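Coordinates in review
As a plain string of letters, each chain reads:
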Amino acid sequence: MSSRDILYLLPHVQPFARQFLQACMAKGHDVVVTCTYRSQEEQDDIYARGRTKPGKIVTWTRHSKHTDRIALDFALVKNGKCSWDIKADFDEDNVADYFEVGAISKEIGFTWGGDWNPPDYCHIEWRHADDT
Ligand SMILES: [Zn+2]
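Below is a summary of the structure that appears in this document. (Residues numbered from 1 in each chain as written. Predicted model: local features only at pLDDT ≥ 70, side-chain atom pairs only at ≥ 80, totals over all residues. Heavy atoms only, no water.)

Topic: the layout of surface pockets
The probe, sized like a water molecule, is rolled over the atoms to show the empty space still left. Just so we agree on the cut-off: Using protein atoms alone on a 1 Å grid, points that fit a 1.4 Å probe yet trap it form a cavity, whereas open point sets bounded by protein on both sides within 12 Å along at least five of seven lines form a pocket; residues with an atom within 4 Å of a point count as lining. Grid points are joined across faces, edges and corners, and a volume is the space filled by probe spheres set on the points. Secondary structure elements are taken from DSSP: a helix is a run of H or I of four residues or more, a strand is a run of E of two residues or more, and numbering for both begins at the N terminus. Gly falls in the polar group here, along with every residue not listed as nonpolar (Ala, Val, Leu, Ile, Met, Phe, Trp, Tyr, Cys, Pro) or charged (Asp, Glu, Lys, Arg).
Approximately 710 Å³ is the volume attributed to the largest pocket. Lining the largest pocket are 29 residues; nearest its centre among them are R38, V58, T59, D120 and H123. Breaking the lining of the largest pocket down by element, the ones donating at least two residues are β1 (31–35), α2 (40–48) and β5 (123–125). Each residue belonging to the lining of the largest pocket can be placed in one class, and the counts come to 10 nonpolar, 10 polar and nine charged.

Given below as structure tokens:
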């Protein structure tokens, strides 16, 4: 089963994940964790979508940092609902909130999926799985 609990991340990543959530809150961004750990079985299942199973392609990799327990997915929350609108600017400072939150994650030391091609705006991951 996939998990939303930070406790399913590797122990040395957990404090940075908490720091990320606290920093988002401190800057007025309501953020919820939607996924931390995902089993290889689930990743394979997601990978099959749009390939050998019906649906749209939703992932590009079978080797997810979620299975390594060093990545988390998040969503912005507005009025109790998740928003995946990457242009959303709930704090009305003329900067899209996903980009602000991505910048916060990078200050802490995460890699932000929004910098990738194709981008994954809702995803951050720790740089490495070992404890260095
Ligand atoms: Zn992810």
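Topic: the environment of H29
Test applied: Buried residues are those whose accessible area, probed at 1.4 Å on protein chains only, stays under 20% of the maximum for their type, while exposed residues exceed 50% and partly exposed ones sit between those limits. Note on definitions: a residue-residue contact is assigned when non-hydrogen atoms from the two residues lie within 4.5 Å.
Relative to the helices and strands, H29 resides in the loop between α1 (14–26) and β1. Residue H29 is classed as buried on the basis of its relative accessible area of 4%. Filtering out sequence-adjacent residues up to four positions away, H29 remains in contact with C24, D91, D97, E100, V101 and I104.

Quick look at the coordination of the zinc ion
Reference values for coordination geometry: four tetrahedral donors around a metal ideally subtend 109.5 degrees, six octahedral donors ideally subtend 90 or 180 degrees. This is how the line gets drawn: Any N, O or S atom lying within 2.8 Å of the metal counts as a donor, with the limit raised to 3.2 Å for Na, K and Ca; because water is left out of the atom set, some sites can appear incomplete.
Here the zinc ion is held by the protein donor atoms H66 (NE2), D73 (OD) and H123 (ND1), which lie 2.0 to 2.1 Å from it. Mapped onto the sequence, the donors of the zinc ion take the spacing H-x6-D-x49-H. In terms of burial, H66 and D73 fall into one category: buried.

Observations concerning the pattern of salt bridges
The line we're drawing: Salt-bridge detection follows one rule: a side-chain nitrogen of Lys or Arg within 4 Å of a carboxyl oxygen of Asp or Glu.
According to the stated counting rule, one finds six salt bridges in the structure shown. Note that K53 is salt-bridged to D45, the shortest N-O span being 2.3 Å. On the accessibility criterion, K53 (39% relative accessible area) is partly exposed. Between K106 and D115 there is a salt bridge, and its shortest N-O distance comes to 2.8 Å. Since its relative accessible area comes to 47%, D115 is described here as partly exposed. Each of the salt bridges in this network shares a partner with another, and the network as a whole consists of D45, R49 and K53.

A look at the nonpolar core
Rules: Here, the term nonpolar core denotes a set of buried Ala, Val, Leu, Ile, Met, Phe, Trp, Tyr and Cys residues that are joined through side-chain atoms within 4.5 Å.
In this structure, F20, V31, L72 and F74 are the most contacted members of the largest nonpolar core, which totals 24 residues. At the level of secondary structure, the elements contributing two or more residues to this core comprise α1, β1, β2 (71–78) and α3 (97–108).

Here's the deal with the packing of aromatic side chains
We apply this condition: The rule is short: rings of Phe, Tyr and Trp, with Trp giving its six-membered ring, pair when the centres are within 6.5 Å, and they are stacked under 30 degrees, edge-to-face over 60, tilted in between. By the criterion adopted, a ring carries a charge over it if an Arg CZ or a Lys NZ lies within 6 Å of its centre and within 35 degrees of its normal.
One pass over the full model with this rule turns up eight aromatic pairs. An aromatic cluster of three or more residues is present, and its members are F16, F20, F74, Y98, F110 and W126. Here R51 stacks its cationic end above the ring of Y47, 3.9 Å away from the centre of that ring. Over the aromatic face of W126 sits the side chain of R127, whose NZ or CZ is 4.5 Å from the ring centroid.

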